[in-house]
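Topology and contacts: notes
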Number of protein chains: 2
Amino acid sequence: HAHQPNDVIRKIVLTIDTMNPRVKNVEYAVRGPIVQRAMQIEKELREGLKKPFTEVIKANIGDAHAMGQQPITFFRQVLALCSYPELLNENMFPEDAKNRARRILHACGGGSVGAYSASQGIDCVRQDVACYIERRDGGVPCDPDNVYLTTGASDGIVTMLKLLVCGEGASRTGVMISIPQYPLYSAALAELGAVQVNYYLNEEKCWSMDLSELESSLAEARKHCNPKALCIINPGNPTGQVQSRQCIEDVIRFAAKERLFLMADEVYQDNVYAEGCQFHSFKKVLFELGPEYSDNVELASFHSTSKCYMGECGFRGGYMEVINMDAEVQAQLSKLVSVRLCPPVPGQALMDLVVNSPQPGEPSHITFMKERTATLSLLAEKAKLTEQILNTVPGITCNPVQGAMYSFPNISLPEKSIKEAKALGQAPDMFYCMNLLEETGICLVPGSGFGQKDGTYHFRMTILPPTDKLKILLAKVKEFHQKFTQQYS
Amino acid sequence: HAHQPNDVIRKIVLTIDTMNPRVKNVEYAVRGPIVQRAMQIEKELREGLKKPFTEVIKANIGDAHAMGQQPITFFRQVLALCSYPELLNENMFPEDAKNRARRILHACGGGSVGAYSASQGIDCVRQDVACYIERRDGGVPCDPDNVYLTTGASDGIVTMLKLLVCGEGASRTGVMISIPQYPLYSAALAELGAVQVNYYLNEEKCWSMDLSELESSLAEARKHCNPKALCIINPGNPTGQVQSRQCIEDVIRFAAKERLFLMADEVYQDNVYAEGCQFHSFKKVLFELGPEYSDNVELASFHSTSKCYMGECGFRGGYMEVINMDAEVQAQLSKLVSVRLCPPVPGQALMDLVVNSPQPGEPSHITFMKERTATLSLLAEKAKLTEQILNTVPGITCNPVQGAMYSFPNISLPEKSIKEAKALGQAPDMFYCMNLLEETGICLVPGSGFGQKDGTYHFRMTILPPTDKLKILLAKVKEFHQKFTQQYS
Ligand SMILES: Cc1ncc(COP(=O)(O)O)c(C=O)c1O
Ligand SMILES: Cc1ncc(COP(=O)(O)O)c(C=O)c1O
């Protein structure tokens, strides 16, 4: 890649050749070329350009509010009170909302959410998180000193990877991630210069984790790098599975035996829809396996305000809990997070409300439960609907959406379309999704953006659009897939 | 440094020896050991421990609200409206606040600040930022596509450094930073494995930048690394100077001649107090130097909601503008920021209000101006007061606090105290500040945390405490310094 002539004239310092090559290696499909094209098309539609459709339907990103999901009233009342405490003098807000706001404000410097908090997060929020984790895990103890509030789960995940990753050549740190994966992981590993060690989820067994696959992936990786950590997303993105207790046990035993640091991405912990499925936190299972495991295996787990029933992505709230972390390393972690000063305080406040929601007897409890249940039931319905309709399409096979917010169906693509895509230098499923977008206005992300077994093709769609739009979307996908298959047969 | 025996027993993966060594190299004095000790002392006081003082006065961090500064009413009204749009139906808020909230909400996905925004930031906010910059810079054009909203200025600075830094050995990227510096820079460079190239500010000339110092620092650096960028903080942290127009011109010519990417940290742009001083943005001066410069020199400048008259640190709002950035590099920048999804939306909203504040004729204008002026005048008074009182202390010399929020006085330390500090393995000014803290409850940051000429000692104090507390603080520092000098003479 040569210097552009005008760079030479302009004597520019930072060019594609002189910039950090690791940044160049970063990919992030969820906001990649297909999404850029979708935004362009939206603009074209606004400018009056004629298309075979009148609106773009975006099912590319797990952004619930953008898809019309309503916020939880109680959360927003407290956030308004925290932003403008004058409102505490009005009698339009329920007492429990006011109490929560007073408690949060009292814990803020100068009583203002405009003050920096402690870098690890506001004390009382970390305490509330610890109580939540203990309740969730049936009493397994949680020390607030092990809880770090973060700028979304993304921030926590990247921070943990930063601590882990080092080395050059054959001693470069390897990090095991599931394929398909949420592309934050591959992006962060590329940026940090770590080795991405893939292990494949078993599509035939509803995207579960296979011990034998983990073993062979690790053995292979040990030949050329130093694998240190194993990342799991449960419930899964992009694959929508909920791992069984047995499976989690197996993974923990594997990590213990092989000395791997576990990173459990549990941002979808309330998003479980399928009968017979249940969320098991890695921490709880770890402790149930007894002290041989609970005293030894290092675990970082991540949560977020962005998903579950709240879907509050814009606030960038989240936390991580670290378990069995070496004390000196943890001191380094605390120092590292202090450089960025603190996570956004409104996001911390929101995280507090999530872990300390209205209780029975409090004035907001009934409304809160109604809203929460309605959102989760609707998601469960849409999960079912998506699976059912997609499975009626010849050439599309999809696992049940047991949890999270996504379906990741397998699509068979005709040979001719694969050839045409390759001729264009595109991944075949990117070619498919681009065509889908241009013809129907539906924006999905190709499976290649998340990783998949060679020779298989997928797309990821969220189940978040409102039911009527979701139905239109599914009908259009069905029609398109049939047409596309014919066209290239 | 050997493995702890219990690590061996616990078969731990991540130890101080196996972790990322770059993270270990990170230092961040603003929240370092002295602040931890201050927090401990606060706890001890709460627990009833007797001390020679009854409260800790923190002047260690530029956190205005924590020091009692009140938020701007208008900003908080709009933020409350954005958080809980039901409030738009109440008639307790002025129309201009409601209009701003409606406009921001309209630009959010699903009309909710709970949706992820575009990774670069909400379109209309970037447009407002661009208008603000044009106004500020007397009409120099600003393209909203060059504006990136960030999670505080910290995020923008680190992101730009990530793009710049690469290489190994003699081709490692060097980044020039002022000494004294704001330690985010040294911390980020350590984490990224870049070479920190120091240039010293001229304390004798009120912390101005010396061309000859820049030249010799660069020449020296070129012997062992590849210097690519030059960072300037103006108005200065920790040094409180405001650079003259001439000085900025010199720096730009220097950067052009030497092909350095400029990073201008202008988060204190409204914090200018001294007569005869004025804020000149690097961008404006760049354009006034004519096309030879304005078409060639690459510049990234940074702003924040955390400082100036608003002091809204907790919201983590900020922006950066990039100028003359290579198009391919900028595409890489846009990709990179997409991995973290988006900056906090409430922080973006706040940034919007800062750049689009109430205008004459709008209902909130008078109150807004009154609050803004009151805050800035009070800061100006405290800047003066701090300089005056400190300069009455024999052995303390301090430059005028022309801008920003800090004084960085030179302190002469008796030889005996220096020896004692060294015996304890402490920097002499750390020893001084620790003693000050233990004896008076005043929390300052030693100059060694920011860098200083060898053999000179300083501390940094903010001018943010309320006037009465600031007076107590200054009196106590005076008394302590005299006592300390006697004690070690
Ligand atoms: C599995 C997973 N982890 C982490 C994240 C990051 O979420 P956030 O940073 O908004 O908390 C997401 C977002 O989609 C996700 O799907
Ligand atoms: C010079 C300078 N730059 C950047 C920052 C970072 O501020 P924030 O990330 O809160 O915007 C600070 C904070 O004190 C600062 O003093």
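Computed from a predicted model, the values in this text were never measured in an experiment. (Residues numbered from 1 in each chain as written. Chains lettered and ligands numbered in written order. Predicted model: local features only at pLDDT ≥ 70, side-chain atom pairs only at ≥ 80, totals over all residues. Heavy atoms only, no water.)

1. Brief notes about the pairing of strand E4 (residues 195-200) of chain A
Residues and elements named next belong to chain A. Only one face of E4 is covered, namely the face carrying Val195, Val197 and Tyr199; the face carrying Gln196, Asn198 and Tyr200 is uncovered. Where strand E3 (residues 173-179) meets E4, six bridges bridge the pair, whose relative direction is parallel. Pairing of Ile179 across the sheet is with Tyr200, part of E4. Handedness of the crossover joining E3 and E4 through helix H8 (residues 184-192) is recorded here as right-handed. (Buried < 20%, exposed > 50% of the residue type's maximum accessible area, 1.4 Å probe, protein only. Helix = DSSP H or I, 4+ residues; strand = E, 2+ residues; numbered from the N terminus. Pairing = 2+ DSSP bridges. Right-handed = clockwise from strand over helix to strand, strands pointing away.)

2. Some details on the packing of aromatic side chains
For the structure shown, the criterion picks out 32 aromatic pairs over all chains. With a centroid separation of 5.8 Å and an interplanar angle of 90°, the aromatic rings of B:Phe408 and B:Phe450 are classed as edge-to-face. Here B:Phe408, found in the loop between strand E10 (406-407) and strand E11 (410-411), pairs with B:Phe450, found in the loop between strand E13 (445-446) and strand E14 (459-462); they are 42 residues apart in sequence, far enough to count as distant. Judged by its relative accessible area of 1%, B:Phe450 falls in the buried class. Centre to centre, the rings of B:Tyr432 and B:Phe484 are 5.1 Å apart; their planes meet at 80°, and the pair counts as edge-to-face. One end of the pair, B:Tyr432, is in helix H17 (residues 428-440); the other, B:Phe484, is in helix H18 (residues 467-487), and 52 residues separate them in sequence. B:Phe484 matches B:Tyr432 in its accessibility class, with the two residues each being buried. A network of ring pairs unites the aromatic residues A:Phe431, A:Tyr432, A:Phe459, A:Phe480, A:Phe484 and A:Tyr488 as a single cluster. (Phe/Tyr/Trp six-rings, centres within 6.5 Å; stacked < 30°, edge-to-face > 60°.)

3. A few points about the site of ligand 1
The environment of ligand 1 is made up of 15 residues, and the closest members are A:Ser154, A:Asn237, A:Asp265, A:Tyr268 and A:Ser304. In this structure, ligand 1 is bordered by residues of chains A and B. At a separation of 2.6 Å, an oxygen atom of ligand 1 approaches a polar side-chain atom of A:Tyr268. For ligand 1, the accessible surface in isolation is 400 Å², of which the surrounding protein chains cover 98%. No other element matches helix H7 (residues 152-164) of chain A, which puts three residues into the shell around ligand 1. Along the lines of polarity and charge, the residues of the shell around ligand 1 split into seven nonpolar, five polar and three charged. (Near = heavy atom within 4 Å. Polar contact = N/O pair within 3.5 Å; in protein donor to acceptor, adjacent residues only side chain to side chain. Areas by Shrake-Rupley, 256 points an atom, 1.4 Å probe, with all protein chains shown as cover. Nonpolar A, V, L, I, M, F, W, Y, C, P; charged D, E, K, R; others polar.)

4. Overview of the sheet that holds strand E13 (residues 445-446) of chain A
All names here are of chain A. Taken in spatial order, the three strands make up an open sheet running E10-E14-E13, and their pairing is antiparallel. Single-partner strands in this sheet number two, and they are strand E10 (406-407) and E13. Summarising the sheet, E13 and strand E14 (residues 459-462) pair through two bridges and their orientation is antiparallel. In the strand pairing of E14, Val445 is matched with Arg460.

5. Some points on the relation of the copies chain A and chain B
With an RMSD of 0.0 Å, the operation that places chain A on chain B is a rotation of 180° combined with a shift of 0.0 Å along the axis. The superposition of one copy onto the other is thereby described by a two-fold rotation axis. Residue A:Ala80, judged by its C-alpha, is the member of chain A lying nearest the rotation axis, at 2.1 Å. Most of the interface of chain A is mirrored in chain B, where 100% of its interface residues again form contacts. (Least-squares fit on C-alpha atoms with pLDDT ≥ 70 in both. Contact = heavy atoms within 4.5 Å.)

6. A short note on the UniProt feature "domain: Aminotransferase class I/classII large" (unreviewed entry) in chain A
Mapped onto this numbering, the UniProt entry gives "domain: Aminotransferase class I/classII large" (unreviewed entry) at residues 90-475 of chain A. Helix makes up 43% of residues 90-475 of chain A and strand 15%, and the two end C-alpha atoms of the span are 49 Å apart. (UniProt positions renumbered as here; feature names shortened; annotations may be inferred.)

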